Amino acid sequence: MTQCSGGRNVVYSTTLLLALPMLLAGIALRDPDVDLNFLLACSLLSGVGGGAFASSMSNISFFYPKRLQGYALGMNGGLGNLGVSVSQLVAPIFMGAGFGAASVSKVTNTWTYNAGWLWFCLCIPSAVAAFFWMNNQPSHGEATTLLNLKNFWWMETVGIFASFLAVLTLISTRDNAAFQSSGGKIGRNFLLVLIAAVTEHVFMWFLTPASPKARVRKQAVIFKEKHNYIMTFLYIMCFGSFIGYSGAFPKLIVDLFGYIKDDDGNTITNPNAPDVFKFSWMGAAVGSLIRPVGGVLSDKFGGARVTMVSIIVCTIAAIGQAIVVQKTRELDQPEKNFGVFLFLFLILFLSTGAMNGSTFRTIGVLFEPEIAGPVLGWSSAIASYGAFVIPAMFGVSMEVGKPQTTFWALSGYYCACGLVNFWYYIRPGCEKPGA
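Read on for an overview of the structure. If you're wondering where the values come from, they're calculated on a predicted model, not measured in any experiment.

Calculation rules
Residues numbered from 1 in each chain as written. Predicted model: local features only at pLDDT ≥ 70, side-chain atom pairs only at ≥ 80, totals over all residues. Heavy atoms only, no water. Helix = DSSP H or I, 4+ residues; strand = E, 2+ residues; numbered from the N terminus. Contact = heavy atoms within 4.5 Å. Patch = residues over 30% accessible without salt bridge, like charges linked within 9 Å, V, L, I, M, F, W, Y side chains within 5 Å. Areas by Shrake-Rupley, 256 points an atom, 1.4 Å probe, with all protein chains shown as cover. Salt bridge = Lys/Arg side-chain N within 4 Å of Asp/Glu carboxyl O. Disulfide = S-S within 2.5 Å. Buried < 20%, exposed > 50% of the residue type's maximum accessible area, 1.4 Å probe, protein only. Expected span 1.5 Å × (residues − 1).

## Things to note about the side chain of T208
Point 1. By the element assignment, T208 lies in the loop between α8 (182–207) and α9 (210–219).
Point 2. For T208, the contacting residues outside a window of four places in its chain are W154, M155, F203, K213 and V216.

Structure follows, in structure tokens:
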């Protein structure tokens, strides 16, 4: 997108577009009987934020030489990822403050609509700043801003329509018997990802206007590059895990420590449960802050090496967490294990955050800039589906009482990624030494 419309144009346009679902949520959530489908529509539009992140990573890679790719991509990605932590820390505060207004709930004091206004107030000045102080690469986009914006909105609409088809599939298959088993539910999640990704790429290939179509098809050369798929496989491990854990971490705190059995075997609220709002933001914060460090270390020691060390740490932490989660489910006082649970989760966030920086540095040096940009955008967009898939996997495993299964599955995936990373980028005689 940035090569077709210019990085500046894409950033301020996506930021303005992201303000729309925030505005709608801020208005609609004042009604406690708001329609679920309307909120789904807002959620669909808020996915623009994921696309904005992908295009931002692609765009910034063009402004720095290869020796500084780790630093540039790490800083940009780390600061961007902090938005997850800010949302988990600050949004609940705003949702719990009425500022003189009546609560939207008759059961508890809550003002959920304030979360929408919080992000709306951040989106507008960000869009203004991008408009006035960002620049397009001279070789990117068309001759006029009007043409660039036309190309942007056309391609963005195509992407939103592809996502709309996935949401329709989500709604229409909700009660389908084929997707009610544990395997069926997980398979359905991957099916939705496949529908959204494939449909969007097919639409962009055939429905892109003539002017930017040549650029789109030129970028499509990445699909002939073996290392594009290898790095996407690795980045799904890094960013997919980071963003997936960010969504799953607060829910797991509630599910594992929030409830206990009474003497009669009934499920009741645990009076000693940890306060989820005090801890939920920590993981995303440490993972975001370590990302630039991972990038800088990769500039010095090599991205593949930093990734390898991080994979080892991440795998050990995932295996340890699987054991801790299983033992916690067996305790009458699960809160006794919370300290170890929190420690291992922070290690998972630290390691995946460091890998976010190191893998993008590897991409930045593996490919020439005109190829590296699209690979960065493609890999980060695909990995973003981890925000949907991983929490869904935990949800399914919790339903059957075995949340540790997801950690075992992820640890196996990490081992596979470690073997791939070692084979192609580290072992003596590998294809791309020094990556």
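## Section: a nonpolar patch on the surface
Point 1. A surface patch of nonpolar side chains, amounting to about 750 Å² of accessible area, comprises W154, L191, L194, V198, V202, W205, F206 and L207.
Point 2. Take the nonpolar patch: its biggest share by element is 7 residues, from α8.
Point 3. Structurally, V198 can be placed in helix α8.

## A word on the environment of I363
Point 1. For I363, the location among the structural elements is in helix α13 (residues 338–366).
Point 2. The spatial distance from the C-alpha of I363 to the C-alpha of E156 is 25 Å, given a sequence separation of 207 residues.
Point 3. Look past the residues within four positions of I363 in its chain and what remains in contact with it is M231, A372, V375, L376 and S379.

## A closer look at the state of the cysteines
Point 1. With the rule as written, the count across this model stands at 0 disulfides.
Point 2. A disulfide-free cysteine, C42 has its sulfur positioned 13 Å from the sulfur of C123, the nearest such atom.
Point 3. The exposure class assigned to C42 is buried, which follows from its relative accessible area of 7%.

## Side note on helix α4 (residues 48–61)
Point 1. Its 14 residues place the ends of α4 20 Å apart at the C-alpha level, agreeing with the 20 Å of an ideal helix rising 1.5 Å per residue.
Point 2. Burial within α4 is extensive, with 11 of its 14 residues counted as buried.
Point 3. Of all the positions in α4, only V48, A52, F53, A54, S55, S56, M57, S58, N59, I60 and S61 are classed as buried.

## Digging into the pattern of salt bridges
Point 1. Summed over all chains, the structure comprises 5 salt bridges.
Point 2. For E399, the salt bridge goes to K185, with nearest N and O atoms at 2.5 Å. Taken together, the positions of E399 in helix α15 (residues 386–399) and K185 in helix α8 put the pair 214 residues apart, joining distant regions of the chain.
Point 3. E399 gets classed as exposed once you look at its relative accessible area, which sits at 56%.
Point 4. When the shortest N-O distance is used, the salt bridge between D299 and R361 registers 3.6 Å. In this pair, D299 is assigned in helix α11 (residues 276–301) and R361 in helix α13, connecting sequence segments 62 residues apart.

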